[in-house]
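# Overview (structure and organization)
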Amino acid sequence: MSVWPFRTIIEPFRIKAVEPIPFLAQSERRTAIEAAGWNVFGLSADTVTIDLLTDSGTGAMSAAQWSALMQGDESYAGSRSFHRFEAAVRELTGYEFIFPVHQGRAAERIIARTLLGPGKVVLNNTHFDTTRANVEQSGSLALDLPVPEAANATSHARFKGDMDLAALETALDHHGDNVAMVFITMTNNAVGGQPVSMANVAGVSRLCRARNVPFFIDAARFAENAWFVQRDEPGWHDVPIKAIVRRAFDLADGCTMSAKKDGIVHIGGVLATRSAAQAERFRNELILGEGYPSYGGLAGRDLEAVAVGLMESMDEDYLRYRVRSTAYFAEGLEQAGIPVVQPPGGHAVYMDAGRLLSHLALDALPGASLAAAFYLYGGVRGVEVGTLMFPGARLELVRLAVPRRTYTQAHVDYVIEVAGHIAARAKDLPGMRIVRQPPFLRHFTATLEPTGHFPD
Ligand SMILES: Cc1ncc(COP(=O)(O)O)c(C=O)c1O
């Protein structure tokens, strides 16, 4: 599409199969959210008109992926589908030892059980929550080392997903042999899907190689990250996406990957390494929890879909549309009066509920109130990423994640219109109070109630 002469960036696909979405009256949505304890996780999906809860496993597979499913070889060991999966991951990463897993956190758990343990330390630009939970479960310490700009929601700086290299060097020196491994999460989900620069990956690689510390990439959004590098990092503009992706993996020693993001599948993941010694341990652990190493908790047909999806996500027309449509969404929300974290990342927009609902104190859960408002007024489901999810959080956000190839620009325009309706009532939105909460990961199952009325 580099020869495309027009300004409008269109969805680079046409639609062959469709799925109806439900339309409820506001009174029906009120009944549904009350029954869900004012927690959007408790909603039944068939009461949600536009579901932006996550971009994980919610994308639309292509005709090529659906037809690849039919090629699935369900042999227990050594299936053709495994060989296709392995070839695709090797083409992408260059790694020698490649294992399928059922999703990203399974790869994290295998690492936690084989390479980690009490007294060890793992350094990351920012641990995603499942990574942190697996590291901590093993008894290791999980340290986040984001660059300071990551905490500034209004700064338009590029590559806010980078790791703080000076802090990394200090941590490596301070913790010495206790550092079991270093991760770069790309894109950096926990700070808003912000990309990581190649210069930063190279810097991390240099520091780790000098000390013989294993360096892995959490590669859930490897293709979106490469697009930001090509667009914004000096020296990379003319480098093809596939070459950028490969260069990043070349700088590391292995990767974990949830294929439910840039693999554009409904289930699947990858664990890969260059080290034969690590691979031996991974293989044995994988057999205990996932299955035989040539299927790793997946059906042969799933492996086929991953092999195709990994290549499709590197298509430049797709990536241009993907990143531009997320930016369009963010621009529309801002124009509608909702502040969003800048710059928008690849997979989601993060609305600043703390700023929008500044009349509410943090313990009145402004993020939970805004998430409830999007459902109540428009049937739109996002997720609070603030005090409810992370008690003590610095930012009070609501994330609207964008499933891949699933919603059209008209759907996004509709959500923007709902946002305008909410912005006009922002000062009257009530706070929320927790009625009941579990001892950990409370955002999933807590029940809430508004401390006042949502205006009409
Ligand atoms: C950066 C990152 N790492 C790991 C995971 C875990 O992957 P999964 O949900 O497939 O277990 C996710 C999922 O959202 C993620 O965003």
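Thresholds, definitions, all that
Residue positions are given per chain, counted from 1 along the sequence in the order it is written. Local features in a predicted model are, by the rule used here, given only for residues with pLDDT of at least 70; side-chain atom pairs are given and counted only at 80 or more, and totals for whole chains, interfaces and linings are based on all residues. The basis for every side-chain value is the complete set of heavy atoms in the structure, and neither hydrogens nor water enter the calculation. One heavy atom suffices: a residue is near a molecule or strand as soon as one of its heavy atoms comes within 4 Å of it. Distance and chemistry together define a polar contact, namely a pair of N or O atoms within 3.5 Å, with one atom able to donate a hydrogen and the other to accept it when in protein, and with adjacent residues in sequence counting only for side-chain atoms on both sides. Helix and strand definitions follow DSSP, with helices as H or I runs of at least four residues and strands as E runs of at least two, each counted in order from the N terminus. For this classification, Asp, Glu, Lys and Arg are treated as charged, while Ala, Val, Leu, Ile, Met, Phe, Trp, Tyr, Cys and Pro are nonpolar and the rest, including Gly, are polar. Domain boundaries shown here were taken from an automatic or database domain assignment. For this analysis, residues touch if any pair of their heavy atoms sits within 4.5 Å. Buried area is understood as the total, over both parts, of accessible area removed when two parts are fitted together, assessed with a 1.4 Å probe. Salt bridge criterion: a side-chain nitrogen from Lys or Arg within 4 Å of a carboxyl oxygen from Asp or Glu. A fitted line through C-alpha atoms serves as each axis, taken over the contacting stretch for helices, and the angle formed by two N-to-C directions is quoted from 0 to 180°. Any angle between 65 and 115 degrees counts as roughly perpendicular, while under 35 counts as roughly parallel, over 145 as roughly antiparallel, and the rest as oblique. In a left-handed crossing the near helix is turned counterclockwise from the far helix by less than a right angle, and in a right-handed crossing that turn is clockwise. The pairing test for Phe, Tyr and Trp rings, Trp by its six-membered ring, is centres within 6.5 Å, and the orientation test on the planes gives stacked under 30 degrees, edge-to-face over 60, and tilted for anything in between. Relative accessibility under 20% of the residue-type maximum defines a buried residue, over 50% an exposed one, and the middle range a partly exposed one, all with a 1.4 Å probe and only protein chains included. Strands are labelled as partners when DSSP assigns at least two bridges between them. Helices are assigned an expected span. That span is 1.5 Å times one less than the residue count. Patch membership requires over 30% relative accessible area and the absence of a salt bridge. Like charges are linked within 9 Å, and nonpolar side chains (Val, Leu, Ile, Met, Phe, Trp, Tyr) within 5 Å. The accessible surface values rely on the Shrake-Rupley method and a 1.4 Å probe; as for residues, cover is taken only from the protein chains in view.

## Here's the deal with the site of the ligand
In the neighbourhood of the ligand, 13 residues make up the surrounding shell, with R105, N189, D218, S258 and K261 lying closest. At a separation of 2.7 Å, an oxygen atom of the ligand approaches a polar side-chain atom of R105. K261 places a side-chain nitrogen or oxygen 2.8 Å from an oxygen atom of the ligand. The biggest single contributor to the shell around the ligand is helix 4 (residues 104-115), with three residues. Looking at the shell around the ligand residue by residue, the class counts come to one nonpolar, six polar and six charged.

## A closer look at the domain arrangement of the chain
One can read the domain layout of the chain as domain 1 (26-55 + 317-450) and domain 2 (63-312). Facing 22 residues of domain 1, the contacting portion of domain 2 comprises 27 residues. Contact between domain 1 and domain 2 buries roughly 2,100 Å² in total, counting both sides, with carbon and sulfur atoms accounting for 57%. Summed over the shared surface of domain 1 and domain 2, the result is five salt bridges. Between R322 and E224 there is a salt bridge, with the nearest N and O atoms lying 2.8 Å from each other. Along the contact surface separating domain 1 from domain 2 lie twelve residue pairs in polar contact (both at pLDDT 80 or more). The dominant element in the side of domain 1 that touches domain 2, judged by the number of residues it contributes, is helix 12 (residues 316-335), at five residues. In terms of residue class, the side of domain 1 that touches domain 2 is built from nine nonpolar, four polar and nine charged.

## A closer look at the packing of helix 8 (residues 222-232) against helix 12
Running from N to C, helix 8 and helix 12 cross one another at 85°; their axes reach a closest spacing of 10 Å. Compared by their axis directions, helix 8 and helix 12 come out roughly perpendicular. Here A223, E224, W227, F228, Q230 and R231 of helix 8 lie close against helix 12, whose contacting residues are E316, L319, R320, R322 and V323. Looking at side-chain class alone, the contact of helix 8 with helix 12 contains five nonpolar, one polar and five charged residues.

## Section: the packing of helix 3 (residues 80-93) against helix 11 (residues 300-312)
Following both chains from N to C, one finds helix 3 and helix 11 inclined at 25°, their axes separated by 8 Å at the closest point. The orientation of helix 3 with respect to helix 11, classified from their angle, is roughly parallel. Considering how the two elements wind past one another, helix 3 and helix 11 form a crossing that is left-handed. Contacts between helix 3 and helix 11 involve S81, F82, R84, F85, A88, V89, E91 and L92 from the first element and G300, L303, E304, V306, A307, L310 and M311 from the second.

## A few points about the packing of aromatic side chains
All told, the structure shown has ten aromatic pairs when counted by the stated rule. Measuring from centroid to centroid gives 5.8 Å for Y95 and F249, while their planes differ by 85°, and the two rings are edge-to-face. You can see Y95 sitting in the loop between helix 3 and strand 2 (97-101) and its partner F249 sitting in helix 9 (residues 241-250), a full 154 residues away along the chain. Residue Y95 is classed as buried on the basis of its relative accessible area of 0%. The exposure class of F249 is buried, given its relative accessible area of 1%. An angle of 55° between the planes, with centres 6.2 Å apart, marks the rings of Y318 and Y321 as tilted. Taken as a pair, Y318 and Y321 lie in helix 12 at a separation of three residues, close to a single helical turn.

## Concerning the pattern of salt bridges
Counted by the stated rule, this structure contains 26 salt bridges. Across the pair R404 and D55 runs a salt bridge, and its minimum N-O distance is 3.1 Å. Of this pair, R404 sits in the loop between strand 12 (397-401) and helix 15 (409-423) while D55 sits in the loop between strand 1 (50-51) and helix 2 (63-69), placing them 349 residues apart in sequence. Here R404 matches D55 in class, with each residue buried.

## Quick look at the sheet that holds strand 3 (residues 121-124)
Judged by pairing direction, the sheet is mixed, and its seven strands sit side by side in the order 2-8-7-6-5-3-4 without closing on themselves. This sheet does not close on itself; its edge strands, each paired only once, are strand 2 and strand 4 (141-144). On average, each strand axis in the sheet is inclined to that of its neighbour by 20°, with strand direction left out of account. In this sheet, strand 5 (residues 179-185) lies alongside strand 3 in parallel orientation, the contact comprising four bridges.

## Considering the side chain of T131
Within the secondary structure layout, T131 lies in helix 5 (residues 129-137). Excluding its chain neighbours within four sequence positions, the residues that come into contact with T131 are E108, N124 and D218.

## Looking at the sheet that holds strand 9 (residues 348-352)
Within a sheet, adjacent strands bond to each other through the backbone by hydrogen bonds, running parallel or antiparallel. Read across the open sheet, the three strands follow the order 9-12-11; overall the sheet is antiparallel. If you trace the sheet from one side to the other, it starts and ends with strand 9 and strand 11 (383-385), each paired once. Neighbour-to-neighbour, the strand axes of the sheet open up by a mean angle of 35°, direction not taken into account. Pairing of strand 11 with strand 12 involves three bridges; the strand directions are antiparallel. Pairing of V385 across the sheet is with L397, part of strand 12. Set on the sheet, helix 12 makes contact with strand 9 and strand 12; between it and strand 9 the angle comes to about 20°.

## Focus on helix 14 (residues 366-378)
Taking 1.5 Å per residue, 13 residues should reach 18 Å; helix 14 reaches 18 Å between its end C-alpha atoms and fits that length. The buried count for helix 14 comes to 13 of 13 residues, which makes it a mostly enclosed element. Looking one or two residues past helix 14, G379 carries a phi angle of roughly 70°, positive in sign.

## Digging into a nonpolar patch on the surface
Taken together, the side chains of W4, F6 and I10 present a nonpolar region at the surface, about 330 Å² in accessible area. Relative to the elements of secondary structure, F6 occurs in the segment before helix 1 (26-35).

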